[in-house]
Each structure stands twice: as structure tokens, then as C-alpha cells.
Amino acid sequence: MDRIRIVGGSKLNGTIPISGAKNAALPLMIAGLLTDETLILDNVPRLADVAQLQRILGNHGVDIMSAGKRPGDHEYQGQTLHISAANIIDTTAPYELVSKMRASFWVIAPLLARMHEAKVSLPGGCAIGTRPVDLLIMALEKLGAELTIDGGYVIAKAPGGLKGAEIDFAKVTVSGTHVALMAATLAKGTTVINNAACEPEIVDVADCLNKMGARISGAGTPTITIEGVAKLNGTRHTVLPDRIETGTYAMAVAMTGGDVQLSGARPELLQSALDVLVEAGATVTPNNDGIRISRNGVGIKPVNVSTAPFPGFPTDLQAQLMALMTTATGSSHITETIFENRFMHVQELARFGARIHLDGETATIDGTAKLRGAPVMATDLRASVSLVIAGLVAEGETMVNRIYHLDRGFERLEEKLSACGATIERISG
Ligand code: UD1
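First, a word on scope: everything that follows refers to the structure included in this document. (Residues numbered from 1 in each chain as written. Predicted model: local features only at pLDDT ≥ 70, side-chain atom pairs only at ≥ 80, totals over all residues. Heavy atoms only, no water.)

1. Quick look at the overall build of the chain
Phase 1: When its secondary structure is counted, the chain shows 14 helices and 24 strands.
Phase 2: Computed over C-alpha atoms, the radius of gyration of the chain comes to 21 Å, within 12% of the 22 Å expected from 2.2 N^0.38 for 429 residues, which places it in the range of a compact globule.
Phase 3: Taking all 429 residues of the chain together, 57% fall into the buried category.
Phase 4: Contacts in the chain between residues at least 24 apart in sequence constitute 75% of all its contacts with a sequence separation of at least 6.
Phase 5: Put simply, the chain shows about 15,900 Å² of open surface, and 50% of that area lies on carbon and sulfur atoms.
Phase 6: Considering the chain, the positive charge centre built from 38 side chains and the negative charge centre built from 44 side chains are found 3 Å apart. (Helix = DSSP H or I, 4+ residues; strand = E, 2+ residues; numbered from the N terminus. Rg over C-alpha atoms; globule rule 2.2 N^0.38 Å. Buried < 20%, exposed > 50% of the residue type's maximum accessible area, 1.4 Å probe, protein only. Contact = heavy atoms within 4.5 Å. Areas by Shrake-Rupley, 256 points an atom, 1.4 Å probe, with all protein chains shown as cover. Lys, Arg positive; Asp, Glu negative; His and termini not counted. Charge placed at Lys NZ, Arg CZ, Asp CG, Glu CD.)

2. Some details on the sheet that holds strand E12 (residues 215-217)
Phase 1: Taking strand neighbours across the sheet as the criterion, the four strands line up as E10-E11-E13-E12 in an open arrangement whose pairing is mixed. Each edge of the sheet is formed by a strand with only one pairing partner; in this case those strands are strand E10 (166-168) and E12. Taking each pair of neighbouring strands and ignoring which way they run, the sheet shows an average axis angle of 15°.
Phase 2: Sheet analysis places strand E11 (residues 190-194) next to strand E13 (residues 223-227), joined by five bridges and oriented antiparallel. Bridge assignment links Ile193 to a residue of E13, and that residue is Ile224. (Pairing = 2+ DSSP bridges. Axes fitted to C-alpha atoms, helices over the stretch in contact; angles between N-to-C directions.)

3. Re unusual backbone geometry
Negative phi characterises most residues that are not glycine, and trans characterises most peptide bonds.
Phase 1: Of the consecutive residues Phe310 and Pro311, the connecting peptide bond is found in the cis state with omega at 10°.
Phase 2: Here Pro311 shows up in the loop between strand E18 (304-306) and helix H10 (318-325).
Phase 3: Residues other than glycine seldom take positive phi values, yet Asn43 does so here, at roughly 65°.
Phase 4: Note on placement: Asn43 falls in strand E3 (residues 38-44).
Phase 5: Judged by its relative accessible area of 23%, Asn43 falls in the partly exposed class.
Phase 6: Positive phi, close to 50°, is recorded for Arg412, a residue that is not glycine.

4. Considering the side chain of Ser121
Phase 1: With respect to the helices and strands, Ser121 occurs in strand E7 (residues 117-121).
Phase 2: Of the residues examined, Ser121 reaches a relative accessible area of 1% and is grouped as buried.
Phase 3: Aside from chain neighbours lying at most four places away, what touches Ser121 is Ala93, Pro94, Tyr95, Val98, Phe105, Gly152 and Tyr153.

5. Describing the pairing of E13
Phase 1: The side-chain alternation of E13 yields one buried face, formed by Ile224 and Ile226, and one unburied face, formed by Thr223, Thr225 and Glu227.
Phase 2: Bridging between E12 and E13 involves three bridges; their strand directions are antiparallel. What sits directly across from Ser217, in E13, is Thr225.
Phase 3: Counting the residues in the hairpin turn of E12 and E13 gives five residues, including Gly218, whose phi is positive at 90°.

6. Topic: the site of the ligand
Phase 1: Taken together, 19 residues sit near the ligand, with Asp134, Leu135, Ser175, Asp316 and Ile338 positioned nearest.
Phase 2: One nitrogen or oxygen atom from the main chain of Pro132 is found 3.3 Å from an oxygen atom belonging to the ligand.
Phase 3: Protein contacts shield 91% of the accessible area of the ligand, which totals 750 Å² for the unbound molecule.
Phase 4: Of all the secondary structure elements, the ones that give two or more residues to the shell around the ligand are helix H5 (134-142) and helix H6 (174-185).
Phase 5: Of the residues forming the shell around the ligand, the biggest block, three residues, is contributed by H5.
Phase 6: Counting contributing residues per domain, the shell around the ligand is built from domain 1 (3-19 + 241-427) and domain 2 (22-238), each supplying no fewer than three. (Near = heavy atom within 4 Å. Polar contact = N/O pair within 3.5 Å; in protein donor to acceptor, adjacent residues only side chain to side chain. Domains from an automatic or database assignment.)

7. Digging into empty space enclosed by the protein
Phase 1: By the definition in use, this model includes one cavity of 30 Å³ or more.
Phase 2: In this structure, the largest cavity encloses a volume near 40 Å³.
Phase 3: Looking at the largest cavity, the residues that line it are Ala21, Lys22, Asn23, Glu201, Asp242, Arg243, Ile244 and Arg382.
Phase 4: Those elements giving two or more residues to the lining of the largest cavity turn out to be helix H1 (22-31) and helix H8 (243-256).
Phase 5: By residue class, the composition of the lining of the largest cavity is two nonpolar, one polar and five charged.
Phase 6: The residues that make up the lining of the largest cavity include at least three from each of domain 1 (3-19 + 241-427) and domain 2 (22-238). (1 Å grid on protein atoms, 1.4 Å probe; cavity = no way out; pocket = protein on both sides within 12 Å on 5 of 7 lines; lining within 4 Å. Points joined across faces, edges and corners; volume = space filled by probe spheres on them. Nonpolar A, V, L, I, M, F, W, Y, C, P; charged D, E, K, R; others polar.)

Here it is as C-alpha cells:
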């Protein structure tokens, strides 16, 4: 299994191109199931999760053509996918495929909406809590589907098609909102989603669906209204930049010091995280090409942060912020409110000499002047990259083991960091 070797101590200087957002690319690809015409997606990141979803969609009979690089394309340019679900040959998403990636469960929504049936294995994904699908099931039942669970599969039927309804989410859920949104586009009548997630990836998917002929208003606010249409068409859409990748590199620069241009980033997608970085002593300058981030000559100041749904501080940047705070000049508090059990990085960060105390959903981090390199184990996607951030400043060598989680969500991480002066390499085997 591949490992990543880092020798800490170098500042980051240069330019890092930001890839398309994984969390938008996945639901956008799934939305391709809603139409028998071709959906063309540009700026799709080259990630293991994207490749896995291609296999899952292929199993339903979807043709996906990945266009190669064209002359003049930047070497980091995302791929273009031509997704054609002209004929859906199978409405079952099997365990072997779905268990590797939680978001693949979402295929249940377009399959039900278009084919009026689906059989989808209950999901797997990152080990960050129980992550149930009760709210997704509730939403589909509200839209008129009949669902049963048998042998680890959700079997869903809507013989006469889905019908518009009012869906009230008791808790803000990104997955629930994606599923309700996709399902409602082809339902008969009007659907209103209350307490909808406001994440930018929801807005990106809604924009694409509207280009496909859907009638969605209010995406990005807590109330989304969808007037069902009989059919959706193909279109071309560019995936928005990845705000979590942006925030991750911003934290890496804040950690090591230096000066980096995050090319293609959009500051409004992660304002809360940028505010925290400024409070921590970094300089953040939005510009025409993205965001410039630097920290020169000032120490890292401690911060107190709670994760929250958008526009709050994202749970997907919690582990990275914790890594940053391990070398702050004082004590920080980080509270995780979205996922239980999303603190698996704490034990691994302790291997660098970090001093972190957990009390329920709050971590207290007592900053220390120096981290020391260590062999560490990647546990989930965002936790893995927090270990890389710590390794970038730790004295001596860090070996990050079990990095397949990193490849699920970060495109060419070691290349992007080494181009900015980090000593980081992938060791195969
Ligand atoms: C998505 C993101 C993930 C991010 C998370 C929160 C993708 C592919 N993944 O995950 O990176 O960390 O949003 O921003 O976009 N819940 C229930 N019942 C349900 C569904 C969810 O109780 O039926 C709970 C979850 O356990 C969790 C909370 O609601 O505690 C939020 O989950 P949700 O917003 O749905 O996260 P995901 O869509 O899985």
C-alpha cells in the first residue's frame, strides 16, 4: 500500500491550483441518471471516489467518456466527463460497490424519479460516526415512494411516479437535501424542502439541474422549492472549486509560514474558515485569480471554533484546523457539532507530540513549540490530510500510512505541495 513520506521544516511558497469540488462532482455525476441525454461535466477532479462512482454508474448502464487533455490545457486542469444514461439497464446498486463510498447511495433518488424503482445497498464510507440514512428515506417516502429494507438493501418503488410534497428536515443534512432535490425534479407537482442544507455544492447541483430543465428556486437558502417537470435534458456544466481543498492548503500555509496563491479558489465559499485563519495570524488576500495566503514572522494564535452547517465553519476542515492549533501559542478549543466520533486524528496527532484533551464533543489543544515527525496512520479522508499538515512542520521524518483515503479526496496532493517547496513524496508498494 502506498505511503507518503514528509520531512518537515520547509515553508510553502508558490502557487497551488485548486481542483473541482469532490462533493459537487459526485452528486452532479449522479444527476446524469435523471436524463436520457448527455450531461457534460467540466473540471471534474481526478480522484478515487470519482473513479469509483464511474464504476457504479457503469453498472446501471451509464456510458461515461472521459475526454483527454487538449493542447493548451493546464497540467492540473480537471477532466471532462460525458455522461450518457440513455438506457438504464439495471436499477440495483450492489453492496460491493456502494459499501466503498457513502455518496453512491444517492443514486436511489434519480433511479426512483426516472425508473420508478431502485434497489440500493445501505452505504459505507468514512468511519466518522454512524451516519444513518433515515432522513433520506423519510424524504423519499414523503415524495410517495414505498421503501423496505431487506438483506442490507433499501428497496424503493413508486409505481405511478413520485409526487411533490412538503419535506421538513429535523436536522440540516447535505445528503438528504441532495436526494430530495434530485428526486423532486421529476415528481408530479410542487415540492418544498424546509431546513435544507445551504452548502455551495447544493447550489452548484441545483444550477446544473436548472440548466437541464428543472424548475428549482431557493437553493442556497433553507427553503428550496421545486416544480416537477416531465423530462430533463442534457447540458454542460463546470464543477465549482473545492472549498475544502482550498481551506486545507490555506491551513497548511498558515502552519508552515510562507506565501502561496490558491489559484482558482473562491473566497465566498469558505469565508468562515478564512476568518478563523486571519484570527490565527495568517494574512488572507482575495484577488482576481483566487486567494493569496501568507504567514510571515507572526506566531499562530489560538482560536475557539465550533463546526456548523454552511455558512459556519465546515466539519470537513475541523481536523486540519486542529493540526494547525497544535503549534499555537496557547490553548484552543474546537467543538464538533456535525458528526459524532470525528476525532480519530487526535490520537495520531498525539504521536507528533501534540497535546490534545477530549471532553465529549470538544477538544482542547494546548499549543506546543515543536512537533516531532512520526509514523502515523490515516483513518478518514480529512483526518488523513491533518496528519500531512502536521508532518509539514514536524522536525524530522513523518511517514503517513494507509493513504488511500487521501486519494479519495485530494488530487495530486504531494505534487501540489512539493511544487511549493515541501519535502514530500509518495512511496509506492
Ligand atoms: C456531506 C459531505 C461530507 C460533509 C458533510 C457535512 C459529500 C459527499 N459529503 O456528507 O464531506 O462532512 O456533508 O457537511 O457531500 N444524518 C442523519 N440521518 C440522515 C442523514 C444524515 O442523522 O439520514 C446526520 C449525519 O449522521 C450527520 C449529519 O446528519 O451527523 C449531517 O450529515 P449530512 O449533512 O447528510 O452529511 P453527508 O451528506 O453524509
